[in-house]
Amino acid sequence: MVNLGLFSEIKPLVSVNVRFRIPYYTQWGQSLVVGGSEPVLGSGNVKKGLVLTPFHEGDELIWGGSLTVPAAFQSEYNYYVVDDEKNILRWEVGNKRKLVLPEGVENGKVVEVHDLWQNGSDSLPFKSAFKNVIFRKSNSLAIEKSLGTIQNNLDRDDSVIVQFKICCPNIAEGTSIYVIGGSVELGKWKVHDGLKLNYAGESVWEGDCLIPKAAFPLKYKYCKYAKNGNFSLEHGSNREVTVDISASGPNYIILSDGMMREMPWRGSGVAIPMFSVRSEDDVGVGEFVDLKLVVDWAVDSGFHLLQLLPINDTSVHKMWWDSYPYSSLSVFALHPLYLRLQRLSENIPDDINQEIQRAKIELDGKNVDYEATMTTKLSISKKIFDLEKDMILNSDSFKNFLSKNEEWLKPYAAFCFLRDFFETSDHSQWGTFSQFSKDKLEKLVSKDSFHYDITCFHYYIQYHLHLQLSEAAEYAKEKGVVLKGDLPIGVDRNSVDTWVYPNLFRMNTSTGAPPDYFDKNGQNWGFPTYNWEEMSKDNYAWWRARLSQMGNYFTAYRIDHILGFFRIWELPEHAMTGLVGKFRPSIPLSQEELEKEGIWDFDRLSKPYILQEFLQEKFGPLWTVIASYFMNEFKKNHYEFKDDCNTEKKIAAKLKSLVEQKLLLENEEKLRRDLFNLVQNIVLIRDPENARSFYPRFNLEDTSSFKDLDENNKNIFRRLYYDYYFHRQETLWRQNAMKTLPALLNSSDMLACGEDLGLIPSCVHPVMQELGLIGLRIQRMPSEADLEFGIPSQYDYMTVCAPSCHDCSTLRAWWEEDEDRRRSFFKTMIGSDSLPPKQCVPEIVYFVLRQHVESPSIWAIFPLQDLLALKEEYTTRPAPEETINDPTNPKHYWRFRVHVTMESLLKDTKLTTTIKGLVSASARSYPGQEEAQPGVAAVPQKQQIAGEQEKIRLPNQDPKITSIAVL
């Protein structure tokens, strides 16, 4: 028989019943789970978390559940949406929740936690762009010690202790947060008598209040109360809390009420490539130190953000091709192009200073001379390095930099040495060094190596680039300006990253984009696609390191071609154009599936379909010559390409050789285009890794191969084409994005924006919204299929809106190059039946800019060229010359420079005053405002901005049209 007396001296454990409660609408087959850090919540394993049960409360669907825990219980936790097998379908975005039970809670008491689902937009205030820049003063508040709960009150059966918690990220100095409501304890809606909350840190305000059960259901709101006596009540309907007033009801309620409901914060910014900036001290190109001038101009113009293109080293070819900023030699190294020579030392000899001054004059051209500028900077830098290397390399600052960055810096320096030694970046040509290993690396960078000085020179350049960019980045923060970087979707095939981590890339493929607004033939960027399966094995460590490095300088970033994280347009390595590709990942058409549809002749459909009549039509009398060089006739009037020219690269190489030998005298470009058209004349693409899998060629109905099919087969392929591109992949692509994107987003606290232009799968925008990713809207490239122009007043809050970007012509160039769309815009957007002016006059620019600053978008970001078009004296240069990039030209020279220095722009107060007036009149936030702006908060989609759009009066226009004032 058990002797119970043995246990009589053991003190009973104090336990508390914790009840979770959250409103959330799910779909059939979905449930909510609370997963947390403690064993009762799964210890990080959501499948072992607390499964909640749904119930209705009025019109709301509430999920609830309870567990018994010790009185001193603490845990991090979050809510998850799961399927019937507890697989995670969705999770909250943002910081982990923290559950801390009330101090002194007694045995058997009930603590009820009321939560709201954390959406993507709720996490914005905790990103460094807001936390460390825009709201930096709010985050310097001192944490106030809570008075806590009056413990004796927990025993009162007629009352409940309620802890109110609200997040308010932006609050002016001396302002307090109050809760007011319908009960006496909350002041009967009088602020002075309401409950004042204490600042608990991390933008959260909280306070406890003993409220009689008779006061429930209790209506309440939060408000700001300034030291001057002014107060502002949060927007929207009253909040309401209900409570079970029975004996089994809660003794303590924790109300986590999410974000304070205010007018959504909105800001604006300027975009300019680093190389395009011009200053009085630069040498041939904009330099990192010049960013301080651009920041000053941004502040004067009312801008909270400065956006750049990628700034990583692109020195693959050591010629002007390297001006392409999206083709990284290293995703970690900064570009030597942006080095300020004068800042390398305080003791630069006179002869070198004179050389710098001569270079400034010689390289001060209309556009960037990439090759001359790089040669000059590296040459002068080497001379200064030779003079000061011992002092710099032995300094504590340099040693600390090398120690923190050696993981990428040493391979980068070794790569640069080998590139120059072998006179190529193609590491497959480096003999024994083609295969990277850490042992080989250590020998290459050893102090005993004969080329150690060369290696150290690359360290030295990166060290000074780091110092100069860090100085500019810190300056931007102090001025309240977000520095926004750019994360390229790819890396160069011959890069440090593909040399060191070849397993992370599919080197036999190429990355691009299918035909879209930018290029009807698609784009081929030449980058290898990613081996996501391999990357996932270490939880995407390469990506996480890359984002962490960016976070050293930037507080926001643009994800280039975010669609690539859902699926990438993959082309064979031998392709030159972007037309004949397939999405990866994607579900192919299997041979069995096609055979069930009655499709059998796979060679006919997947090989170029070339008839004699096609050759005659394309090449005229020359067709027999072309056929003799490039074709074999495998049956009467049917041709196929010879083995030495059966790909685009082979065709281009053979054609070039024939033209150089003068065996063909016709236009090489036209011949190449026509031959490419023939090799692309297919209906299906056979998977090179699985011969029984096929993909429908993009725009297959445009091919003569398709047009020669019978009507039944045409209808079959139309259906299969639509299914492949617009239906069957959506779940797969969503799953892929939800694996890859969170790894990026969680690796830094930078604000993330995604470039979501092009052919957009329907899963993209819901995923971006779920993850708190900000999209991009360009007015002339609307995401709505039924619109010719985007309507800025109807943009979603979680977007960046802009009239143009680096991948298209500027506002002024577009207006002047496209007469039909100019007329359409003038009629539909401006509301005039008159003929529009041929030139994009300042009145037009002002109208378009105003449309954008008045939009609901969280950010309105303008290319500097579009802003300068507000003033006629800045529009003397031909508009097409201001275009940054031509996406249709894979060898475009990225060299545009603003023709006026930043120092001159800073003196132009009329321009900055006009721009700042636009910003402030739109209720957007701007640096230096005396009163803090309302906090970041999500708003309903397509919210309208109050106020009518002004119309434009132009010379010789209808006098009924109202005029507006511009410079």
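Quick caveat, the model's predicted, so the values are computed rather than measured. (Residues numbered from 1 in each chain as written. Predicted model: local features only at pLDDT ≥ 70, side-chain atom pairs only at ≥ 80, totals over all residues. Heavy atoms only, no water.)

*Asks:* Can you break down the overall build of the protein residue by residue, with the values?
*Replies:* Helix and strand counts for the protein come out as 26 helices and 38 strands. A compact globule built from 967 residues should have a C-alpha radius of gyration of about 30 Å, and the protein, at 32 Å, falls within 12% of that. Dimensions along the principal axes, computed over C-alpha positions, put the protein at roughly 105 × 80 × 80 Å. When the 967 residues of the protein are sorted by exposure, 57% land in the buried category. Sequence separation of 24 or more characterises 73% of the internal contacts of the protein that already satisfy a separation of 6 or more. For the protein, the exposed area adds up to about 42,400 Å²; of that, 50% sits on carbon and sulfur atoms. (Helix = DSSP H or I, 4+ residues; strand = E, 2+ residues; numbered from the N terminus. Rg over C-alpha atoms; globule rule 2.2 N^0.38 Å. Buried < 20%, exposed > 50% of the residue type's maximum accessible area, 1.4 Å probe, protein only. Contact = heavy atoms within 4.5 Å. Areas by Shrake-Rupley, 256 points an atom, 1.4 Å probe, with all protein chains shown as cover.)

*Asks:* Summarise the sheet that holds strand S34 (residues 690–696); cite the residues concerned and give the values.
*Replies:* The strand order across the open sheet built from three strands is S29-S34-S33, with neighbouring strands paired in antiparallel fashion. In this open sheet, the two edge strands, each paired with only one partner strand, are strand S29 (589–590) and strand S33 (684–687). Sitting on the sheet, helix H18 (residues 711–726) touches S29, S33 and S34, and the angle it makes with S34 is about 90 degrees. (Pairing = 2+ DSSP bridges. Axes fitted to C-alpha atoms, helices over the stretch in contact; angles between N-to-C directions.)

*Asks:* Can you tell me about the side chain of Arg-822, naming the residues and giving the values?
*Replies:* Inspection of the secondary structure assignment puts Arg-822 in helix H22 (residues 819–828). For Arg-822, the side chain forms a polar contact with the main-chain oxygen of Trp-815, separated by 2.7 Å. (Polar contact = N/O pair within 3.5 Å; in protein donor to acceptor, adjacent residues only side chain to side chain.)

*Asks:* Can you lay out the confidence of the model for the protein for me, pointing to particular residues and giving the numbers?
*Replies:* As a note on interpretation, predicted positions should not be read in detail where pLDDT is low. Averaged over every residue, the pLDDT of the protein is 91; the share at 70 or more is 93%. When the criterion is pLDDT under 50, residues 930–966 qualifies, and its contacts beyond four places in sequence or with other chains add up to 92 contacts. (pLDDT = per-residue confidence, 0-100.)

*Asks:* Account for helix H13 (residues 612–619), naming residues and giving values.
*Replies:* One turn of the α-helix equals 3.6 residues, which is why residues spaced by three or four share an orientation. Looking only at H13, the buried set comprises Gln-612, Phe-614, Leu-615 and Phe-619. Taken end-on, H13 shows its buried residues confined to a sector of 160 degrees, consistent with a single buried face. Phi for Gly-620, located one or two positions after H13, is positive at around 60 degrees. (Arc of directions from axis to C-beta.)

*Asks:* If you had to explain the environment of Val-900 to someone new, which residues and values would you point to?
*Replies:* Examined against the element boundaries, Val-900 turns out to sit in the loop between helix H24 (864–868) and helix H25 (902–907). In this structure Val-900 touches Arg-278, Leu-868, Tyr-874 and Leu-905, once residues within four positions along its chain are discounted.

*Asks:* Can you lay out the sheet that holds strand S36 (residues 775–778) for me, pointing to particular residues and giving the numbers?
*Replies:* Within the open sheet, the eight strands sit side by side as S35-S26-S21-S20-S19-S38-S37-S36. Their pairing is parallel. The sheet terminates laterally at strand S35 (751–754) and S36, the two strands that pair on one side only. Geometrically, the sheet is characterised by an average inter-axis angle of 25 degrees between neighbouring strands, direction not taken into account.

*Asks:* Go over helix H3 (residues 350–362) with me, naming the residues and quoting the values.
*Replies:* Compared with an ideal rise of 1.5 Å per residue, which puts 13 residues at 18 Å, H3 spans 18 Å between its outermost C-alpha atoms and is within 8% of the ideal. Those residues of H3 that fall on the buried side of the exposure criterion are Ile-352, Glu-355, Ile-356, Ala-359 and Lys-360. For H3, the arc enclosing every buried residue in end-on projection is 140 degrees, short of the 170-degree limit, so these residues lie on one face. Exposed side chains of H3 directed beyond 90 degrees from the buried face belong to Asp-350, Asp-351, Ile-361 and Glu-362. (Expected span 1.5 Å × (residues − 1).)

*Asks:* If you had to explain the environment of Asp-157 to someone new, which residues and values would you point to?
*Replies:* Mapping Asp-157 onto the fold places it in the loop between helix H1 (128–134) and strand S10 (159–167). Asp-157 sits 94 residues away from Asn-251 along the chain, and the two C-alpha atoms are 8.0 Å apart.

*Asks:* Please set out the pattern of salt bridges residue by residue, giving values where relevant.
*Replies:* As enumerated under the stated definition, the model contains 56 salt bridges in all. Glu-701 is the partner of Arg-718 in a salt bridge, and the nearest nitrogen-oxygen pair spans 3.1 Å. You can see Arg-718 sitting in helix H18 and its partner Glu-701 sitting in the loop between S34 and helix H17 (704–707), a full 17 residues away along the chain. On the basis of relative accessibility, which here comes to 39%, the residue Glu-701 falls in the partly exposed class. Residues joined by salt bridges that share partners form a network here, namely Arg-506, Glu-533, Glu-570, Lys-582, Arg-584 and Glu-689. (Salt bridge = Lys/Arg side-chain N within 4 Å of Asp/Glu carboxyl O.)

*Asks:* Can you tell me about the pairing of S10, naming the residues and giving the values?
*Replies:* Across the nine residues that make up S10, a large majority, nine, are buried. Covered by surrounding structure in S10 are Ser-159, Ile-161, Gln-163, Lys-165 and Cys-167 together with Val-160, Val-162, Phe-164 and Ile-166, the residues of both alternating faces. Relative to strand S14 (residues 204–212), S10 is paired through nine bridges, and the arrangement is antiparallel. Among the inter-strand pairings, Ser-159 is bridged to a residue of S14, identified as Pro-212.

*Asks:* I'd like a rundown of the nonpolar core, residues and numbers included.
*Replies:* Core analysis: the largest hydrophobic core is formed by 184 residues, its most contacted members being Trp-297, Leu-306, Trp-542, Trp-543, Tyr-557, Phe-717 and Leu-741. Aside from chain neighbours lying at most four places away, what touches Trp-543 is Leu-487, Ile-489, Tyr-530, Trp-532, Met-535, Phe-565 and Leu-744. (Core = buried A, V, L, I, M, F, W, Y, C linked by side-chain atoms within 4.5 Å.)

*Asks:* Describe the pairing of strand S2 (residues 31–36), and please don't skip the residues or the numbers.
*Replies:* Looking down a regular strand, the side chains alternate between one sheet face and the other. Where burial is concerned, most of S2 is hidden: six out of the six residues are buried. In S2, alternate side chains face the same way, and those of Ser-31, Val-33 and Gly-35 on one face and Leu-32, Val-34 and Gly-36 on the other are all buried. Two elements, S2 and strand S6 (residues 74–82), share six bridges in a ladder whose sense is antiparallel. The residue of S6 that forms the bridge with Val-34 is Tyr-79. For S2 and strand S3 (residues 50–51), the ladder comprises two bridges, and the chain directions are antiparallel. Bridging across to S3, Val-33 finds its partner in Val-51.

*Asks:* Now, about the environment of Arg-812: what can you tell me, with residues and values included?
*Replies:* Tracing the sequence through the fold places Arg-812 in helix H21 (residues 811–817). The buried category is assigned to Arg-812, whose relative accessible area is 5%. Considered as a pair, Arg-812 and Lys-618 are 194 residues apart in the sequence and their alpha carbons are 38 Å apart. Once you skip the residues sitting within four places of it in the chain, Arg-812 turns out to touch Cys-840, Asp-866, Ala-869, Thr-875, Arg-877, Pro-878, Ala-879 and Glu-882. Here Thr-875 takes part through its backbone oxygen, which lies 3.2 Å from a polar atom of the side chain of Arg-812. Only 3.3 Å separates the side chain of Arg-812 from the side chain of Glu-882, close enough to count as a polar contact.

*Asks:* I'd like a rundown of the packing of aromatic side chains, residues and numbers included.
*Replies:* Summed over the entire model, instances satisfying the criterion amount to 64 aromatic pairs. Judged by centre distance (5.9 Å) and plane angle (80 degrees), the ring pair of Tyr-77 and Tyr-79 falls under edge-to-face. The burial state of Tyr-77 is the same as that of Tyr-79; both residues are buried. Taking the centre distance of 5.7 Å and the plane angle of 85 degrees together, the rings of Phe-505 and Trp-542 count as edge-to-face. Separated by 37 residues along the polypeptide, Phe-505 in strand S22 (residues 505–506) and Trp-542 in helix H10 (residues 541–550) bring together distant segments of the chain. On the basis of relative accessible area, Trp-542 is assigned to the buried category, the value being 6%. Joined through ring pairs, the aromatic side chains of Trp-569, Phe-583, Tyr-695, Phe-698, Tyr-721, Tyr-722, Tyr-724, Tyr-725, Phe-726 and Trp-733 make up one cluster. Over the aromatic face of Phe-630 sits the side chain of Lys-654, whose NZ or CZ is 5.6 Å from the ring centroid. One Lys or Arg, Lys-891, reaches over the ring of Trp-321 and ends 4.2 Å from the middle of that ring. (Phe/Tyr/Trp six-rings, centres within 6.5 Å; stacked < 30°, edge-to-face > 60°. Lys NZ or Arg CZ within 6 Å of the ring centre and 35° of its normal.)

*Asks:* An account of the side chain of Ser-925 is requested, with residue identities and associated values reported.
*Replies:* Summarising the element assignment, Ser-925 is placed in the segment after helix H26 (909–921). Residue classification places Ser-925 among the buried residues on the basis of a relative accessible area of 4%. Among the polar contacts listed, one links the side chain of Ser-925 to the side chain of His-304, at a separation of 3.2 Å.

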